[in-house]
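# Reading the structure
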Amino acid sequence: MKEILNMKHEITEKKAAAMLGVTRSRVSQLVKDKLLDAITINGKVRISEESILLYGEESKRPGRPSRTSYATASRHVLMNGAHEVASVVYDSALDEPLAVEEVIDASRAPIGVLTAGGSPKRRELNDWWLHRAIPASRPGLESKLASLGVDTPSNLAIRSLGLSLSDCYWLRPQATPELAWDDISFFGNPFVESSPDGWDSWLSGVGLSSPDNTSEGELPKKWVAAQDGTRYLLKGCRTDDQRPFNEAVATALFRRILLPEDYVAYDVVPTADGPASRCANFLSGTEEFVPAVYLKDRGGRIRATSNYDRFCRTMGALGVDEGAVRTMLSKMILCDVVLANSDRHWRNFGAIRDIETLGLRMAPIFDTGNCLWFSRSEREVQTGEWAFRAVPFGPDPAAALACIDDLSWFDPSAMDGFVDEACDILSQSRHATAPGRLDFIREGLTRNIALVQDAAKLLTPRIARGR
């Protein structure tokens with residue numbers, strides 16, 4: 001302030017926060033920065049009402065353009081369950097709509113959006129937010145956005161406070177501080193479910209009170225609630241109908257060689273527009289899924305022999321049992337090679353964080369539908385093109401298998417008969433049963449199982465020597 005105002009009209013920090021539409025912590029910061037006039041009486045801060053009014057007017061004066069437009073901006077508190085994380089401004093007119101005004105609880109912020117010192121990183125914060133939005137490639141999204149009068153998918157989530165069933169983050173409007181997590185969480189409260197008729201209508205709940213507003217991925221998706229309260233994610237298909245059945249094949253493999261807690265089980269359900277895979281939510285109302293992309297660089301200058309080793313050591317540095325990480329990744333890699341999964345990436349594996357204790361553990365294996373050569377052309381099927389990329393620890397199956405450093409859990413005999421079981425499941429798919437394709441898949445699975453079993457024989461002595 002350029003002038004000293006008298007303290008004729010003094011108000012509390014709480015009332016000042018309500019007048020300015022910010023948190024009490026933000027008011028304290030404004031006082032500290034001498035942008036508001038205040039005095040302390042018997043240990044209680046009293047703020048000049050005149051200085052608050054003047055501050056409000058000065059913030060609206062013309063001059064250097066503000067990065068935030070008052071016409072398109074709204075103030076919120078970024079919440080993690082019942083915990084306040086940061087006061088933020090959301091400006092729907094900007095490419096990076098979220099900006100942090102004040103960090104309240106750095107420990108419960110999304111991993112990777114703050115510096116080591118707790119300062120906000122706007123680009124990383126908005127990247128995190130944009131990945132909570134429906135991708136533009138989702139069928140029917142363009143017309144849905146037009147019907148809602150929304151120009152970008154990232155602005156859709158605001159319609160339901162940014163609520164998700166993949167974590168506990170949400171945006172509480174500054175004007176409604178009484179809004180409580182237990183009253184609005186999709187984990188325990190009703191939500192609008194999209195219509196089951198046709199992939200385009202799977203977006204019918206979008207823009208309302210629906211977790212579909214924050215469902216990532218290019219395939220049609222929707223959340224439904226069963227009578228017992230279980231939340232199920234349904235995922236459809238596009239030009240092929242094989243991928244839902246691929247998830248069922250993956251589940252059949254997991255049941256043979258993994259523990260029940262190691263994976264998410266999928267089945268296939270019919271819909272008006274074709275088969276869809278279905279799985280139960282693997283999170284509770286006090287947990288969040290943290291994709292590996294936000295974890296892999298948290299180890300700083302950790303020395304490692306490979307990306308695989310670096311990730312395992314980083315997770316160990318973050319407090320996770322490193323041995324358990326190596327076992328889990330070994331299971332994921334081996335299964336991905338058997339299934340010819342070419343779509344394992346840094347966003348569809350990772351960890352689960354408890355938002356109360358902040359403890360981390362590895363997430364179960366999920367999202368394996370883009371496997372079994374579903375995208376191979378007719379010509380590639382005819383010429384026997386079984387090669388695939390084994391990402392992210394590849395680039396090829398042999399290189400990925402070489403990363404494995406725990407096979408104590410693996411029983412090769414458990415895969416006896418798996419090829420027949422897989423082909424029986426795939427026989428329900430129109431795409432998989434096109435001329436020559438099922439035989440192609442059968443041969444590819446047989447080859448991959450032999451590759452894995454041979455690799456296990458070679459790796460077991462090496463692993464034993466390393467212990």
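Definitions and cut-offs
- Residues numbered from 1 in each chain as written.
- Predicted model: local features only at pLDDT ≥ 70, side-chain atom pairs only at ≥ 80, totals over all residues.
- Heavy atoms only, no water.
- Buried < 20%, exposed > 50% of the residue type's maximum accessible area, 1.4 Å probe, protein only.
- Helix = DSSP H or I, 4+ residues; strand = E, 2+ residues; numbered from the N terminus.
- Arc of directions from axis to C-beta.
- Contact = heavy atoms within 4.5 Å.
- Axes fitted to C-alpha atoms, helices over the stretch in contact; angles between N-to-C directions.
- Nonpolar A, V, L, I, M, F, W, Y, C, P; charged D, E, K, R; others polar.
- pLDDT = per-residue confidence, 0-100.
- Phe/Tyr/Trp six-rings, centres within 6.5 Å; stacked < 30°, edge-to-face > 60°.
- Pairing = 2+ DSSP bridges.
- Core = buried A, V, L, I, M, F, W, Y, C linked by side-chain atoms within 4.5 Å.
- Polar contact = N/O pair within 3.5 Å; in protein donor to acceptor, adjacent residues only side chain to side chain.

## Digging into helix α2 (residues 24-32)
Of all the positions in α2, only Arg 26, Val 27 and Leu 30 are classed as buried. Along the axis of α2, the buried residues cluster in a sector spanning 100°; they form a single face. Lys 34 sits one or two residues past α2 and shows a positive phi near 60°.

## Examining helix α4 (residues 122-130)
Those residues of α4 that sit buried are Leu 125, Asn 126, Trp 128 and Trp 129. One face of α4 carries all of its buried residues, which in axial projection span an arc of 155°. Elements that come into contact with the buried residues of α4 comprise β4 (73-80), β5 (83-91), β6 (98-103) and β7 (169-173).

## Thoughts on the packing of helix α9 (residues 322-338) against helix α13 (residues 437-466)
The description of two helices packed together rests on the angle between their axes and the distance between the axes. Running from N to C, α9 and α13 point in directions that differ by 145°, and their axes come no closer than 8 Å. Counted together, Leu 334, Val 337 and Val 338 of α9 and Leu 445, Asn 448, Ile 449, Leu 451 and Val 452 of α13 form the full contact between these two elements. Residues that form the contact of α9 with α13 fall into these classes: seven nonpolar, one polar and no charged.

## Observations regarding the confidence of the model for the chain
When pLDDT is averaged across the chain, the result is 88; 91% of the residues are at 70 or more. Across residues 1-7, where pLDDT falls below 50, the model places 23 contacts with residues more than four positions away in sequence or in other chains.

## Some thoughts on the packing of aromatic side chains
Evaluated as defined, the whole model comprises 19 aromatic pairs. When the centroid spacing of 6.1 Å and the interplanar angle of 90° are considered together, the rings of Phe 282 and Phe 289 count as edge-to-face. Residue class for Phe 289 comes out buried when judged on its relative accessible area of 13%. Taken together, the aromatic side chains of Tyr 308, Phe 311, Trp 346, Phe 349 and Phe 393 make up a single cluster linked through ring pairs.

## Comments concerning the pairing of strand β8 (residues 221-225)
If a strand is regular, its side chains alternate between the two faces of the sheet. Taking burial as the measure, the five residues of β8 include four buried ones, the bulk of the element. The hairpin formed by β8 and strand β9 (residues 231-235) contains five residues between the paired strands, and Gly 229 there has a positive phi angle of roughly 95°.

## As for the nonpolar core
Formed by 85 residues in total, the largest nonpolar core has its most connected members in Phe 311, Leu 329 and Phe 418. Discounting residues that sit within four places of it in the chain, Phe 311 has contacts with Ala 292, Leu 295, Lys 296, Val 325, Leu 329, Trp 346, Phe 349 and Met 362.

## A closer look at unusual backbone geometry
In this model, Val 391 is joined to Pro 392 through a cis peptide bond whose omega is 5°. If you trace the backbone, Pro 392 turns up in the loop between α10 (378-383) and α11 (397-403). Despite not being glycine, Asp 367 shows a phi value in the positive range, around 60°. The residue Trp 373 is not glycine, and still its phi comes out positive at about 55°.

## Things to note about the sheet that holds strand β14 (residues 360-362)
Taken together, three strands build an open sheet; the order of strands is β12-β13-β14 and the sheet is antiparallel. The sheet terminates laterally at β12 (287-291) and β14, the two strands that pair on one side only. Here the average twist between neighbouring strands, direction ignored, is 30°. Pairing between strand β13 (residues 350-354) and β14: three bridges, direction antiparallel. Counted as the bridge partner of Ile 352 is Arg 361 from β14.

## Some details on the side chain of Asn 370
For Asn 370, the location among the structural elements is in the loop between β14 and α10. In terms of polar contacts, Asn 370 uses its side chain to reach the side chain of Asp 343, at 3.2 Å. Discounting residues that sit within four places of it in the chain, Asn 370 has contacts with Arg 243, Ala 340, Asn 341, Ser 342 and Asp 343.

## Structural notes on the environment of Arg 75
Note that Arg 75 resides in strand β4. Looking at Arg 75, the relative accessible area reads 32%, which means it is partly exposed. Sequence separation between Arg 75 and Gly 21 is 54 residues; the distance between their C-alpha atoms is 7.3 Å. With near-sequence residues (within four places) excluded, Arg 75 lies in contact with Gly 21, Val 22, Val 88, Val 89, Glu 101, Pro 173 and Gln 174. In this structure the side chain of Arg 75 is engaged in a polar contact, spanning 2.9 Å, whose partner is the side chain of Glu 101.

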